[in-house]
Amino acid sequence: MEKIALSRRQILAGGAAAAVVATERPASAHSIKGEVPWAPSQADAPHAIDPGGYIFFTPQEAALIEAAVARLIPADDLGPGAKELGVPTFLDRQLAGEYGRAERWYMLGPWRQGSDNQGYQSRLTPAQLYRYAIKQLDAHVSSIKDGRRFANLATEDQDALLSDLEAGKVDLGGVSGKAFFDLLLQNTIEGFFADPIYGGNRNMEAWRMIGFPGARYDYRDFVAKHGERFPLPPVGLQGRPAWSSKG
Amino acid sequence: MARKLPSIDVALVGFGWTAAMLAQEFTDAGLNVLALERGVWRDTPTDFAPTFIQDELRYYFRHELFQEASRETLTFRNNGGETALPMRHLGSFLPATGVGGAGIHWNGQTWRFLPTDFVAKSHNEQRYGKLAEGMTVQDWGVTYDELEPYYDRFEYLCGISGKAGNLNGTKQPGGNPFEGPRKRDFPNPPMDMTYAPMLFAKAAQETGHAPFPCPSANMSRAYTNPLGVQLGPCTYCGFCEKYACGNYSKASPQTTILPVLMRKPNFELRTQCEVLKVNLDNTGKKATGITYVDAQGEEWEQPADLVILCAFALHNVRLMLLSGLGQPYDPETNTGVVGRNYAYQITSAVDVFFDDKLTNTFIGAGSLGMGIDEYNGDNFDHTGLGFIGGGYIALWTTNGRPIETHPVPEGTPKWGSKWKKAVVDNYLKQCSISTHGAVMSHRGNYLDLDPFYRDVHGRPLVRMTFDFTDNEHRMSDYLTDRAAEIARAMQPREIKVSRRKGSYSIVPYQTTHNTGGAIMGDDPKTSAVNRYLQSWQAHNVFVMGACAFPQNPGYNPTGTVGALTYWAADAIRNQYLKSPGPLVQA
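These figures come from a predicted structure and were not determined experimentally.

For chain A, the helix and strand inventory stands at 8 helices and 3 strands. Starting at the N terminus and walking to the C terminus, you meet the elements of chain A as α-α-β-α-α-α-α-β-β-α-α. Here chain A holds 247 residues, and the buried ones make up 37% of them. Summarising the internal contacts of chain A: among those between residues at least 6 apart in sequence, 53% fall at separations of at least 24.

Here we come to the pairing of strand E12 (residues 274-280) of chain B. All names here are of chain B. As defined by bridge partners, E12 adjoins strand E13 (residues 287-293) across 6 bridges and the pair is classed as antiparallel. Bridging from a neighbouring strand, Lys-277 pairs with Thr-291 of E13. Linking E12 back to E13 in an antiparallel pair, the connection comprises 6 residues, with Gly-284 at a positive phi of about 75 degrees.

Our focus in this paragraph is the interface of chain A and chain B. Contacts between the two partners involve 74 residues from chain A, matched on the other side by 82 residues from chain B. Of all the secondary-structure elements, those providing two or more residues to the side of chain A that touches chain B are helix H1 (2-6), strand E1 (30-32), helix H3 (59-72), helix H7 (177-193) and helix H8 (205-210) of chain A. The leading source of residues in the side of chain A that touches chain B is H7(A), at 4 residues. Across the side of chain A that touches chain B, the residue classes tally to 39 nonpolar, 15 polar and 20 charged.

Moving on to the packing of helix H1 (residues 17-28) of chain B against helix H12 (residues 558-576) of chain B. All names here are of chain B. Remark: H1 packs on H12, axes separated minimally by 10 Å, with the N-to-C direction vectors making an angle of 30 degrees. As judged from the angle between their axes, H1 and H12 are roughly parallel. Crossing geometry of H1 relative to H12 is assigned as right-handed. Across the interface between the two elements, Trp-17, Thr-18, Met-21, Leu-22 and Glu-25 of H1 pack against Val-561, Gly-562, Thr-565, Tyr-566, Ala-569 and Arg-573 of H12.

Let us now look at the environment of B:Val424. Looking at the secondary structure, you find B:Val424 in helix H10 (residues 416-426). Looking at B:Val424, the number of C-beta atoms within 10 Å reads 17, which means it is partly exposed. With 18 residues separating them in the primary sequence, B:Val424 and B:His406 have C-alpha atoms 8.7 Å apart. Sequence-distant contacts of B:Val424, that is, excluding residues within four places in its chain, are made with A:Leu78, A:Met209 and A:Ile210.

Overall, the predicted model of chain B reaches an average pLDDT of 97, with 100% of residues at or above 70. Interface scoring of the predicted complex returns ipTM 0.97; its pTM is 0.95.

Glancing now at the sheet that holds strand E8 (residues 212-213) of chain B. All names here are of chain B. Taken in spatial order, the 6 strands of this open sheet run E8-E17-E18-E19-E16-E22, and their pairing is antiparallel. In this open sheet, the two edge strands, each paired with only one partner strand, are E8 and strand E22 (494-498). Alignment of strand E18 (residues 391-396) against strand E19 (residues 430-437), held across 5 bridges, turns out to be antiparallel. Looking at the pairing, Gly-391 lines up with Gly-437 of E19. With respect to the sheet, helix H6 (residues 195-206) is in contact with strand E17 (369-372), E18 and E19, its orientation differing from that of E17 by roughly 20 degrees.

Residues and elements named next belong to chain A. Over its 17 residues, H7 extends 24 Å from the first C-alpha to the last, a length consistent with the 24 Å expected when each residue adds 1.5 Å. H7 sits mainly inside the fold: 12 of its 17 residues count as buried. Burial in H7 covers these residues: Gly-177, Phe-180, Phe-181, Leu-184, Leu-185, Asn-187, Thr-188, Ile-189, Glu-190, Gly-191, Phe-192 and Phe-193.

To continue, consider the nonpolar core. Residue and element names in this part refer to chain B. One finds Leu-12, Val-13, Phe-200, Ile-308, Val-543 and Ala-548 to be the most contacted residues of the largest nonpolar core, which totals 240 residues. A total of 9 residues in this core trace back to one element, the largest contributor, which is H12. Apart from the residues lying within four places of it in its own chain, the contact partners of Val-13 are Leu-36, Val-275, Ile-290, Ile-308, Leu-309, Cys-310, Ala-311 and Leu-319.

All right, on to the UniProt feature "domain: Glucose-methanol-choline oxidoreductase C-terminal" (unreviewed entry) in chain B then. Per the UniProt record, "domain: Glucose-methanol-choline oxidoreductase C-terminal" (unreviewed entry) is annotated on residues 445-564 of chain B. Secondary structure content for residues 445-564 of chain B is 22% helix and 22% strand, while the C-alpha to C-alpha distance between its ends is 24 Å.

Residues and elements named next belong to chain B. Between its terminal C-alpha atoms H1 stretches 17 Å, which fits the 16 Å expected from 12 residues at 1.5 Å a residue. Burial within H1 is extensive, with 10 of its 12 residues counted as buried. Listing the buried residues of H1 in full gives Trp-17, Thr-18, Ala-19, Ala-20, Met-21, Leu-22, Ala-23, Gln-24, Glu-25 and Phe-26. Where H1 terminates, the next one or two residues include Gly-30, which has phi positive at roughly 90 degrees.

What counts and what doesn't
- What you see as residue numbers is a count from 1 along each chain, following the sequence as written.
- Chain labels run from A onward and ligand labels from 1 onward, assigned in the order the entries are written.
- Per-residue local features are limited, in this predicted model, to residues with pLDDT of at least 70; the limit for side-chain atom pairs, both in listing and counting, is 80 or more; totals at the level of whole chains, interfaces and linings are taken over all residues.
- Secondary structure elements follow DSSP: runs of H or I no shorter than four residues count as helices, runs of E no shorter than two count as strands, and numbering proceeds from the N terminus.
- To sort residues by exposure, count the other C-beta atoms lying within 10 Å of each residue's C-beta; 20 or more gives buried, 12 or fewer gives exposed, and values between give partly exposed, all with C-beta atoms placed from the backbone.
- Contact criterion: two residues are in contact if their C-beta atoms, reconstructed from the backbone, are within 7 Å.
- Should DSSP find at least two bridges between two strands, the strands are regarded as paired.
- Under this grouping Gly is polar, as are all residues other than the nonpolar Ala, Val, Leu, Ile, Met, Phe, Trp, Tyr, Cys and Pro and the charged Asp, Glu, Lys and Arg.
- With axes taken as lines fitted to C-alpha atoms, and helix axes fitted only over the stretch in contact, angles between N-to-C directions fall between 0 and 180 degrees.
- Under this scheme an angle from 65 to 115 degrees is roughly perpendicular, one under 35 degrees roughly parallel, and one over 145 degrees roughly antiparallel; angles in between are oblique.
- The sense of a crossing depends on the near helix, which, turned anticlockwise from the far helix by less than a right angle, makes the crossing left-handed and, turned clockwise, makes it right-handed.
- As a per-residue measure, pLDDT reflects the predictor's confidence and takes values from 0 up to 100.
- Helix span, expected: 1.5 Å multiplied by one less than the number of residues in the helix.
- Residues of type Ala, Val, Leu, Ile, Met, Phe, Trp, Tyr and Cys that are buried and joined through C-beta atoms within 7 Å form what is called a nonpolar core.
- UniProt positions are given in the numbering used here, feature names are shortened, and annotations may be inferred rather than shown by experiment.

Spelled out as structure tokens, the structure:
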């Protein structure tokens, strides 16, 4: 029962991992015998991000990211866009964490270019790719737009540049502009629609906009109501504001 | 090096569906059973609780329940002329790590294969003549009739919801008229249907098909299985595939077997123990046990009388290759057995958009849907079509999880205001018809060991050489055309047809239905295991899972994996233990 053994909460509480029945052999293995392991307070709940300013992005990087995501999912008559809903903060925390470090990815060489069907083959982690591509993109903009940065361009020019990236027309110093664009778009959509605990989708506004009721787990009463509009507002993993008293 | 441990009766490699089923069987038979799982212990209240399992980012997009590519992945190429490169993160398929394996994050679509699927070579050759050049389709060595009681056992273990279409040879209205005969009905009635599957069923009927509720391992009502383990009714939360069920409503090892098995005195589970190889004696014809490495990096030799490979299909094949268990397959000479006939699934989709109908697909379950089977297997005449095999067509409402599921009409840009408007306009008014096609085996599609890339333990990764062939594309296009006809009969505003074009890509998610590589059969020259899943080379090694499929029919594999496991368990209990040795003479 490795989770019990490693639980800081349990150690701090002085709680012994009582549920484990270890055999003598071999001493170091996690052996489970004669019972279904269970112990209180072991739920593997998610961690909400710490609010506040950027951890990963520099101010200049943040300016580009804020401007770019505001074009990918703009604020308009339908409602707020990616920037307003906190997607830059979502991206910042993702890149500062294990996703940014590619902790679950296979990152051993040899490194070779492959076909599109073989997928990602860069030695850059997502965090490294963002950092490098943002710098290169601003340098590219500066060279063709009289020293200006991406964030300072008119929105039409930003759109044109993003389209060029998407179409594979821009090389970012040896990194494919399309690879960066695809990752940025994917991560932006993730942040826009993920649970608000990760920094985006502020107040579940993106869910409300499309009609997704969120992290609900029981629709039995509504299964047979074919074609009717689901009447309840979204809830997140931390509930929704109306559930909390204003302390 | 490895320190030697006291011997055990049975060592199971991996602890997902097949290992849990076998452990239950063998402990009942009085054997001392040890399962070795490379991942951690996981269970419903602590790891999949309904207060946090509905987390799309964490579980699907950050892969929390899946295999970590950083520890072990595979290399991939479309053909032998390319250099295989590592799959650096998961994409096309999602193997698991941890107790319960992929059995905790599956959808629960639990089919039986057709009687003709088990005799695909002889049946197709008899009806259509010689197979296409390079096609290495084989008969299984086991028949549907032989497996029927074992399908039944697995369905009752899991509490499958469904409607019989053929009871003892008599067709049953409302069920799948093409299925093989069953001795009795499903243990549970079909799930309650949402709107979109009913719209599909109506259109399918109008276009001359016989729609039926798809068989589901999501509970249509509370259920107590033959082991006395209880499951709760499904709540249609729409977080099945890629997630674990927080509600004890989806059959998994945890919800059907482990509460009984884990308490038995003659069963032991060791977690974070990764098996490195199967050890063979100096004749190579008998296994002496296995060697594994634990979480501290220490190596242990575990002697065992019986070794059973119960890991995911790709991992079983790799372990055989690393252990010298069976001759590796060589596509040049078409000889050897381990790695032979790797296959997959070919899928396509037709999205359906309405102006006036709220489909609310966020109300869903992993195997909630209506399907048709007119175009599966050899249920239709293939004369002149240029392919064999087929697949089912179904409208599932598995989910409305918005990062993954926000379909937009043809021609919509991928970002910007127009994209946003299309998502907002269509999210509640769409659904999608899927086709789920067979992949026949071909000489050039196989698994072997990669010459360059290694895992965290320094062992070679498995190398996958695979592409769809003309047979798959013709078949999938045919299915997709039929799906589009039904989609139009649903009278939508518009549809979007997404065919599976060109070469196989390991990037976009398709299915975790990787099959073959250690196939079963009648001939030790062309199969790695016999009809009881027993290694032709070492009689005390058995190999479970979809790696035994000689080719991959047009259904999800788990029902057949379950049936084969009980079939093999019976042979081991009733034949092998009485007289250990080859159950079939080569």
